[in-house]
Amino acid sequence: MPTVSMKVNGQSVSHDVADNTLLVTFLRETLGLTGTHIGCDTSQCGACVIHVNGASVKSCTMLAAQANGADVTTIEGIANGDELHPMQQAFHENHGLQCGFCTPGMIMSAIELVETNKNLSEQDIREGLEGNICRCTGYHNIVKSVQDAAQKMGG
Amino acid sequence: MYATDYVKAADVADAAAKLAAADDGKLLAGGQTLLPTLKQRLASPDKLIDLAGCGLSSISKSGDAIKIGAMTCHADVANHKDVAAANPGLASLAGGIGDRQVRNCGTIGGSVANNDPAACYPAAVLALGGTIHTSKRDIAAEDFFVGMFETALDEDEIITAVTLPTPQKSAYIKFPNPASRYAMVGVFVAQFADGVRVAVTGAGEDGVFRASDIEAALTAKFDAASLDGMTMSEDGLMGDIHASPAYRAHLIVEMARRAVAAC
């Protein structure tokens, strides 16, 4: 089996995995980072969104081998010790989740969205989260959370 | 997903050699169609040849055209200031494919090579009269899109870039399927000095096609009102659970009208 090496949440990792291993499987099963979820497994729902070299991607639709050498960030890597990332904090304060299954992907998508555009309108946020599906909240409080976090992140 | 071998090509020549040497090799571009296909076990290539290391991601503007490297992702096309200035229809098309995460991975070369009958890019390439550059030759858009999921590419031929002439005005409007976001009908309108070109995706049984009646009406007068009362033939249009041929025929004229209004 070939060796795949990458930096995940700042730590260098290297493992032998089969060529057809998906990145999400590598994260969850090889590294034990189960914060990244598998929802639909068909690239629709966005529960598996992570950052690869700063860009948000669906880790169920990328091979681990494609991320060889990449800098990967997952939901486990965004808090600063016990201090939540402003986006996590905003979801907490604005009741941006109910069951929480979609939340890791929502937060990873929302962070990239805010980092690339500090002046997001509500419409921008709704369109920006098009690739993330939530079946609980009706999105209203998610959008509120992202607006709140955008302000705290320097928007 | 069935077992497969993954290799990363060093350059286009290396990729072509690896593709030729494989029994049933597949090129891996952004993977946003190929990987879901493999996960559903609808394909079982013995080798996946990744083009990510071949240096094919670039956007360059020459006098009257924009050349986009085959591995350029949709987000880069959508956000490029030269594309937005020269060809707003192209920028908005790229910015409307799939979702943000798909746009960060999916590529123009992959989209064009796959020639999905509901993909957006083929409409732009055909309406703009683009040229597809490959590892072997240059192919005009008119000759490239052969049929549903079918192109003029040889088995061992690799798209390296696409050149798209800059129109005077352009717009792309699609009626997205509410679930998949693929175009149920998408219309790209491009106005050039010598006439208007209009290409339709999502509707044709043979994939993307030019709408000659709409082109003639808009060349005579570039105004949405020029399409008032126009009807499209249902012949050759797709019918499925999402839309009948008659509904798609109606949507073609309506999307064209909205595209002209958006120019």
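Quantities reported herein were computed from a predicted structural model and do not represent experimental measurements. (Residues numbered from 1 in each chain as written. Chains lettered and ligands numbered in written order. Predicted model: local features only at pLDDT ≥ 70, side-chain atom pairs only at ≥ 80, totals over all residues. Heavy atoms only, no water.)

## Section: the sheet that holds strand β5 (residues 71-73) of chain A
Residue and element names in this part refer to chain A.
Part 1: Strand order in the open sheet formed by five strands is β2-β1-β5-β3-β4, and the pairing between neighbours is mixed. The outermost strands of the open sheet, each flanked by one partner alone, are β2 (11-16) and β4 (55-58). If you compare each strand with its neighbour and ignore which way they point, the axes differ by 40° on average.
Part 2: Along the sheet, helix α1 (residues 23-30) contacts β1 (3-8), β2, β3 (49-52) and β5; its crossing angle with β1, the most-contacted strand, is approximately 80°.
Part 3: The strands that helix α3 (residues 103-116) touches are β3, β4 and β5; relative to β3, the one it contacts most, it runs at about 40°. (Pairing = 2+ DSSP bridges. Helix = DSSP H or I, 4+ residues; strand = E, 2+ residues; numbered from the N terminus. Axes fitted to C-alpha atoms, helices over the stretch in contact; angles between N-to-C directions. Contact = heavy atoms within 4.5 Å.)

## Notes on the domain arrangement of chain B
Interfaces are often sized by the amount of accessible area the parts lose when they come together.
Residue and element names in this part refer to chain B.
Part 1: Split into domains, chain B comes out as domain 1 (5-50), domain 2 (59-165) and domain 3 (169-262).
Part 2: The partner domain 2 presents 14 residues to the nine residues of domain 1 that form the contact.
Part 3: Across the interface of domain 1 and domain 2, roughly 790 Å² is buried in total on both sides, 78% from carbon and sulfur atoms.
Part 4: The largest share of the area that domain 1 buries against domain 2 comes from Val-12, Ala-29 and Gln-32, three residues that together contribute 47% of it.
Part 5: Taken together, the connections running from domain 1 to domain 2 amount to zero salt bridges. (Domains from an automatic or database assignment. Buried area = accessible area lost by both parts, 1.4 Å probe. Salt bridge = Lys/Arg side-chain N within 4 Å of Asp/Glu carboxyl O.)

## A word on helix α10 (residues 212-220) of chain B
Think of an α-helix as 3.6 residues a turn; residues three or four steps apart then line up on the same face.
Residue and element names in this part refer to chain B.
Part 1: Residues of α10 that are buried include every one of Ile-214, Glu-215, Ala-217 and Leu-218, and no others. Along α10, the residues classed as buried sweep out an arc of 170° about the axis, all on the same side. Opposite its buried face, α10 presents the exposed residues Asp-213 and Ala-220, each directed more than 90 degrees away.
Part 2: Contacts made by the buried residues of α10 are with β12 (183-192), β13 (195-201), β14 (209-210) and α11 (245-262). (Buried < 20%, exposed > 50% of the residue type's maximum accessible area, 1.4 Å probe, protein only. Arc of directions from axis to C-beta.)

## What to know about the packing of helix α2 (residues 86-93) of chain A against α3 of chain A
How two helices pack is summed up by the angle between their axes together with the distance between the axes.
All names here are of chain A.
Part 1: Between α2 and α3, whose axes approach to 9 Å, the crossing angle comes to 125°. Between α2 and α3, the angle falls in the class oblique. Two packed elements cross with a definite hand, and for α2 against α3 that hand is right-handed. Side by side, α2 and α3 meet where Met-87, Gln-88 and Phe-91 of the first sit next to Thr-103, Met-106, Ile-107, Ala-110, Ile-111 and Val-114 of the second.
Part 2: The residue makeup of the contact of α2 with α3, split by class, is seven nonpolar, two polar and no charged. (Parallel < 35°, antiparallel > 145°, perpendicular 65-115°, else oblique. Left-handed = near helix turned anticlockwise from the far one by under 90°. Nonpolar A, V, L, I, M, F, W, Y, C, P; charged D, E, K, R; others polar.)

## Notes on the nonpolar core
Residues and elements named next belong to chain B.
Part 1: Core analysis: the largest hydrophobic core is formed by 52 residues, its most contacted members being Val-112, Tyr-121 and Phe-188.
Part 2: At six residues, the largest contribution of residues to this core is made by helix α8 (residues 121-127).
Part 3: Setting aside residues up to four positions removed in sequence, Tyr-121 forms contacts with His-74, Val-77, Leu-90, Leu-93, Ala-94, Ile-97, Ile-108, Ser-111 and Val-112.
Part 4: Membership of the second largest hydrophobic core comes to 26 residues, among which are Ala-217, Met-230, Met-232 and Ile-252. (Core = buried A, V, L, I, M, F, W, Y, C linked by side-chain atoms within 4.5 Å.)

## Looking at unusual backbone geometry
Part 1: Of note, His-95 of chain A is a non-glycine position whose phi angle comes to about 50°, a positive value.
Part 2: For His-95 of chain A, a relative accessible area of 48% translates into the label partly exposed.
Part 3: In this structure, Arg-41 of chain B takes a positive phi of about 60° despite not being glycine.
Part 4: Look at Arg-41 of chain B and you get partly exposed, because its relative accessible area is 48%.

## Some details on the sheet that holds strand β11 (residues 169-176) of chain B
Residue and element names in this part refer to chain B.
Part 1: Here we have four strands laid out as an open sheet, ordered β11-β12-β13-β14, and antiparallel in their pairing. Whereas interior strands pair on both sides, the edge strands pair on one side only; in this sheet they are β11 and β14.
Part 2: α10 rests against β12, β13 and β14 of the sheet, and its axis sits at about 150° to β13.
Part 3: Across the sheet, α11 lies against β11, β12, β13 and β14, angled at about 40° from β12, the strand it touches most.

## Focus: the interface of chain A and chain B
Part 1: On the chain B side, the residues contacting the 25 residues of chain A number 24 residues.
Part 2: Between chain A and chain B, roughly 1,900 Å² of surface is buried when both sides are summed, and carbon and sulfur atoms account for 50% of that area.
Part 3: For the pair chain A and chain B, the number of links is four salt bridges.
Part 4: Applying the counting rule to chain A against chain B returns 14 residue pairs in polar contact (both at pLDDT 80 or more).
Part 5: For the side of chain A that touches chain B, the secondary structure elements donating two or more residues are β4 and α3 of chain A.
Part 6: Each residue belonging to the side of chain A that touches chain B can be placed in one class, and the counts come to nine nonpolar, 11 polar and five charged. (Polar contact = N/O pair within 3.5 Å; in protein donor to acceptor, adjacent residues only side chain to side chain.)

## Looking at the pattern of salt bridges
Residues and elements named next belong to chain B.
Part 1: In this structure the tally under the stated criterion is 20 salt bridges over all chains.
Part 2: Between Asp-14 and Lys-18 there is a salt bridge; the shortest N-O distance is 2.9 Å. Of the two residues, Asp-14 and Lys-18 are both situated in helix α1 (residues 12-21); the distance of four residues between them amounts to about one turn of the helix.
Part 3: Taking the relative accessible area as the measure of exposure, Lys-18 reaches 26% and is therefore partly exposed.
Part 4: Residues Glu-157 and Arg-137 are paired through a salt bridge, measuring 2.7 Å at the closest nitrogen-oxygen approach. Highlighted residues: Glu-157 in the loop between β9 (150-151) and β10 (159-165) and Arg-137 in the loop between β6 (131-134) and β7 (138-140), separated in sequence by 20 residues.
Part 5: For Arg-137, a relative accessible area of 34% puts it in the partly exposed group.

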